[in-house]
Amino acid sequence: MWRNTAAWAFLFAPLLAAAQAPYPARPILMVVPFSAGSGVDTLMRPLTQKMAENMGQAIVIENQTGAAGLIGAERLKKAPPDGYTLGGFNDGLMAVIPGLKPTGLPYDPLKDYAPVSLVASISWVLVVNPEVAAKNLAEFIALARARPGQLNFSSGGSGSPQHVGMELFKAAANVDLTHIPYRGTTQATLDVIGGQIPAMFSAVAVVSQQIKAGKLRALAVASAKRSPLLPDVPTIDEAGVKGFTYSTWSPIIAPAGTPKAVIERLNAEVTRALNDPGLRERLIAQGLEPMGGSPELVTQWTREGIANIGAVGKRAHIVMEF
């Protein structure tokens, strides 16, 4: 009997050692539910590279695309809650889609995931074609009020960040603009540059070069403070629509049930990476604001986002397009 016990102990010793090894004991997989080169992907790659350097374990990005990110969201939901599969998501999956389509989703952002940390927020800017007779935000608002429903704005599609941002602005500024949805942001932006569409909300990093080249006119940024990429452009609050801000954000999350100790370690590593001066400089150059924060803050932003977006969706009759 002793020999059998010793034999079993010998056979299972490697497994027991692995189970007791400090986390992480092997490479980590990060599911990004969007294509390589997307905004979330270009954010998560340098972050995970720095985290991997600090932790001494590789973090491998898996781009799980399809159905506006829903396939990747479901993939993470079904992953083992052991800390070795994470998700690099955005507020679209966490708040916008659940806010606009509260039923029929294959996941619940508040029940199926364990939040790790906020990573960064994306700054947005209201731009117009240079031929539009509005040199600043006040003139644009006056023009829109003088011609209710006659000024169009483009977006990357119904329920897209460009659409949601402008709907929030319309309500805050008390203006009536007409939405022209496109299948993607590239053509939506090109048609504002070309003059077919007067205005749009865009991520600062996407249009900063066109603004500097005079192909677009920036009226105001939607962040709480001015963007380092557009330091001469006022915030919407500064320009007269008091209290208005709009940004999109990206968190790292894990499957529900992931051990608290693992979440705490990962949160500390995200914070450590975001405090690296080189990484911060790189993210700011991309029009991103490094964030960090507790897992509870991710939950708070998710709850508030779902409620706010749901209200916008009802008011503007937004229908999600997958």
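Residues numbered from 1 in each chain as written. Predicted model: local features only at pLDDT ≥ 70, side-chain atom pairs only at ≥ 80, totals over all residues. Heavy atoms only, no water.

J.: Any details on the nonpolar core? Residues and values, ideally.
T.: Formed by 80 residues in total, the largest nonpolar core has its most connected members in Met 44, Phe 140, Phe 169 and Ile 252. With nine residues, strand S4 (residues 113-128) is the largest single contributor of residues to this core. Once you skip the residues sitting within four places of it in the chain, Phe 169 turns out to touch Leu 126, Leu 137, Phe 140, Ile 141, Asn 174, Val 175, Phe 201, Ile 236, Val 241 and Phe 244. Counting 16 residues, the second-largest nonpolar core is a separate cluster that includes Val 127, Tyr 182, Ala 218 and Leu 229. (Core = buried A, V, L, I, M, F, W, Y, C linked by side-chain atoms within 4.5 Å. Buried < 20%, exposed > 50% of the residue type's maximum accessible area, 1.4 Å probe, protein only. Helix = DSSP H or I, 4+ residues; strand = E, 2+ residues; numbered from the N terminus. Contact = heavy atoms within 4.5 Å.)

J.: Explain the pairing of strand S9 (residues 247-255) to me, using residue names and the numbers behind them.
T.: Across the nine residues of S9, eight count as buried, placing the element largely inside the fold. Where strand S3 (residues 85-88) and S9 come together, two bridges link them in antiparallel fashion. Bridge pairing links Gly 88 to Ile 252 in S9. In the sheet, S4 pairs with S9 via nine bridges, with the strands oriented antiparallel. The residue of S9 that forms the bridge with Pro 115 is Ile 253. (Pairing = 2+ DSSP bridges.)

J.: Describe in detail helix H3 (residues 70-77), supporting the description with residues and values.
T.: Leu 70, Gly 72, Ala 73 and Leu 76 are the residues of H3 that are buried. Looking straight down H3, one finds its buried side chains confined to an arc of 160 degrees; they lie on one side. Tucked into the core, H3 has its buried residues touching strand S1 (28-32), S3, helix H4 (91-100), S4 and S9. (Arc of directions from axis to C-beta.)

J.: Would you mind going over the layout of surface pockets in detail, with residue names and values included?
T.: By volume, the largest pocket is sized at about 1,200 Å³. Lining the largest pocket are 47 residues, with Asn 90, Ser 160, Pro 161, Gln 162 and Thr 185 sitting closest to its centre. Elements represented by at least two residues in the lining of the largest pocket include exactly helix H2 (39-55), H4, S4, helix H6 (161-173), helix H7 (185-194), strand S7 (199-203), helix H8 (204-212) and S9. With five residues, the top contributor of residues to the lining of the largest pocket is H4. Along its surface, the second largest pocket is lined by 33 residues, and Thr 245, Tyr 246, Ser 247, Trp 249 and Trp 301 are the ones closest to its centre. Going through the elements one at a time, H4, S4, H6, S9, helix H10 (277-285), strand S10 (288-290) and helix H11 (295-316) are the ones with two or more residues in the lining of the second largest pocket. Among the elements that make up the lining of the second largest pocket, the one with the highest residue count is H11 (six residues). (1 Å grid on protein atoms, 1.4 Å probe; cavity = no way out; pocket = protein on both sides within 12 Å on 5 of 7 lines; lining within 4 Å. Points joined across faces, edges and corners; volume = space filled by probe spheres on them.)

J.: Please give an account of the pattern of salt bridges that cites residues and values.
T.: Counting across every chain of the model gives 11 salt bridges. The partner of Glu 62 in a salt bridge is Arg 75, with the nearest N and O atoms 3.1 Å apart. On the criterion of sequence distance, the pair formed by Glu 62 in strand S2 (residues 59-63) and Arg 75 in helix H3 is long-range, its members being 13 residues apart. In this structure, Lys 78 engages Glu 74 in a salt bridge whose closest nitrogen and oxygen atoms are separated by 3.3 Å. Classification of Lys 78 by relative accessible area gives exposed; the value is 62%. Members of the salt-bridge network, linked through shared partners, are Lys 50, Glu 53 and Asp 276. (Salt bridge = Lys/Arg side-chain N within 4 Å of Asp/Glu carboxyl O.)

J.: Describe the packing of H2 against helix H9 (residues 260-274), listing the residues and the values that go with them.
T.: Interaxial distance between H2 and H9 falls to 9 Å at its minimum, and their mutual angle equals 110 degrees. One element, H2, and the other, H9, form an angle in the roughly perpendicular class. Where H2 crosses over H9, the handedness of that crossing is right-handed. Facing Leu 47, Lys 50, Met 51, Asn 54 and Met 55 of H2, the residues of H9 in contact are Arg 265, Leu 266, Glu 269, Val 270, Arg 272, Ala 273 and Leu 274. A per-class count over the contact of H2 with H9 returns seven nonpolar, one polar and four charged. (Axes fitted to C-alpha atoms, helices over the stretch in contact; angles between N-to-C directions. Parallel < 35°, antiparallel > 145°, perpendicular 65-115°, else oblique. Left-handed = near helix turned anticlockwise from the far one by under 90°. Nonpolar A, V, L, I, M, F, W, Y, C, P; charged D, E, K, R; others polar.)

J.: Tell me what's going on with the packing of aromatic side chains, and back it up with residues and numbers.
T.: Within this structure, the stated rule accounts for eight aromatic pairs. Centroid distance Tyr 107 to Tyr 113: 5.9 Å. Interplanar angle 45 degrees. Geometry classified as tilted. Of the two residues, Tyr 107 and Tyr 113, both sit in the buried class. With 6.0 Å between their ring centres and 85 degrees between their planes, Phe 169 and Phe 244 make a pair best called edge-to-face. Residue Phe 169 is located in helix H6, and its partner Phe 244 is located in the loop between strand S8 (217-221) and S9; the two are separated by 75 residues in the primary sequence. Taken as a pair, Phe 169 and Phe 244 share a single burial class, namely buried. (Phe/Tyr/Trp six-rings, centres within 6.5 Å; stacked < 30°, edge-to-face > 60°.)

Functional significance is not addressed by these values, which are geometric in nature.
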